[in-house]
Amino acid sequence: MQYSKLVEVAREVRAKAYAPYSEFAVGAALQTKSCDVYAGCNVENLSFGLTLCAERSAIASAIANGVRDFVAIAIVADSKQPPLPCGACRQVMAEFNPNLTVVSATVSGEVQEFLLADLLPHPDQGVLEGRRHV
Ligand code: THU
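Since we're looking at a predicted model, the values are computed, not measured.

About the cut-offs
Residues numbered from 1 in each chain as written. Predicted model: local features only at pLDDT ≥ 70, side-chain atom pairs only at ≥ 80, totals over all residues. Heavy atoms only, no water. Helix = DSSP H or I, 4+ residues; strand = E, 2+ residues; numbered from the N terminus. Buried < 20%, exposed > 50% of the residue type's maximum accessible area, 1.4 Å probe, protein only. Pairing = 2+ DSSP bridges. Axes fitted to C-alpha atoms, helices over the stretch in contact; angles between N-to-C directions. Contact = heavy atoms within 4.5 Å. Parallel < 35°, antiparallel > 145°, perpendicular 65-115°, else oblique. Left-handed = near helix turned anticlockwise from the far one by under 90°. Nonpolar A, V, L, I, M, F, W, Y, C, P; charged D, E, K, R; others polar. Near = heavy atom within 4 Å. Polar contact = N/O pair within 3.5 Å; in protein donor to acceptor, adjacent residues only side chain to side chain. 1 Å grid on protein atoms, 1.4 Å probe; cavity = no way out; pocket = protein on both sides within 12 Å on 5 of 7 lines; lining within 4 Å. Sits in = over half its atoms within 2 Å of the grid points.

Enquirer: Tell me about unusual backbone geometry, and name the residues and values.
Expert: The general pattern is negative phi for most residues beyond glycine and trans for most peptide bonds. Not every positive phi belongs to a glycine, and E23 is a case in point at roughly 55°. With respect to the helices and strands, E23 occurs in the loop between helix 1 (4–13) and strand 1 (26–32). What makes E23 exposed here is its relative accessible area of 70%. The backbone of C35 sits at a positive phi, close to 70°, despite the residue not being glycine. On the secondary structure map, C35 appears in the loop between strand 1 and strand 2 (37–41).

Structural data, given as structure tokens:
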């Protein structure tokens, strides 16, 4: 599989997740055009709504390193089926690449590949359309 290394990084960073409330640890790894990788995990909070998903955590890491040209993201969780990013993460990913490849994998090794464009077909926001600065 083309993204097996990326999935491996997501699997490794998952061990660092801070998820004491849901006990659902998630790891994510973003790959750039030049094949650099930025990892992230979910960070939960006592005030549940403040939880940061693994995907946005990986994006924050890449952005803080001056990188925005993402081509793929791998997500790993111990779920029955490969995990799908939530709506908020889909929107945040679409800001940088609406055609991102999303590789979802379970800890047990089931892998599914999606296009963000299929998971979030209309990311533009009405009056704000055309104001994206990537
Ligand atoms: N979570 C992620 O980090 N990414 C996903 O794609 C699915 C959900 C986190 C949020 C929360 O900490 C826990 O998993 C349960 O929803």
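Enquirer: Lay out the sheet that holds strand 2 with the relevant residues and their values.
Expert: The sheet built from 5 strands is open, its strands ordered 2-1-3-4-5 with mixed pairing. Of all strands in the sheet, those with a lone pairing partner are strand 2 and strand 5 (111–115), marking the two edges. Neighbour-to-neighbour, the strand axes of this sheet turn through a mean angle of 20°, independent of strand direction. Examined bridge by bridge, strand 4 (residues 101–106) and strand 5 share 5 bridges and lie antiparallel to one another. Pairing of V103 across the sheet is with E113, part of strand 5. In this fold helix 1 packs onto strand 1, strand 2, strand 3 (70–77) and strand 4, with an angle of close to 145° to the strand it touches most, strand 1. Those strands touched by helix 2 (residues 54–64) are strand 1, strand 2 and strand 3, and its axis lies near 140° from that of strand 2.

Enquirer: Lay out the packing of helix 2 against helix 3 (residues 87–96) in plain terms, naming residues and giving numbers.
Expert: Two numbers describe how helix 2 lies on helix 3: the axes approach to 9 Å, and their chain directions differ by 30°. Relative to helix 3, the element helix 2 lies roughly parallel. Two packed elements cross with a definite hand, and for helix 2 against helix 3 that hand is left-handed. For the pair helix 2 and helix 3, the contacting residues are E55, R56, I59 and I63 in the first and A88, C89, V92, M93 and F96 in the second. Grouping the constituent residues of the contact of helix 2 with helix 3 by class yields 7 nonpolar, no polar and 2 charged.

Enquirer: Describe the site of the ligand, and please don't skip the residues or the numbers.
Expert: In the vicinity of the ligand, the contacting residues are S22, F24, V26, N42, E44, T51, C53, A54, E55, L84 and P85. Here an oxygen atom of the ligand and a side-chain polar atom of N42 are 2.9 Å apart. Taking a 2 Å distance to the grid points as the criterion, the majority of the atoms of the ligand fall inside the largest pocket. Per-class residue counts for the shell around the ligand are 6 nonpolar, 3 polar and 2 charged.

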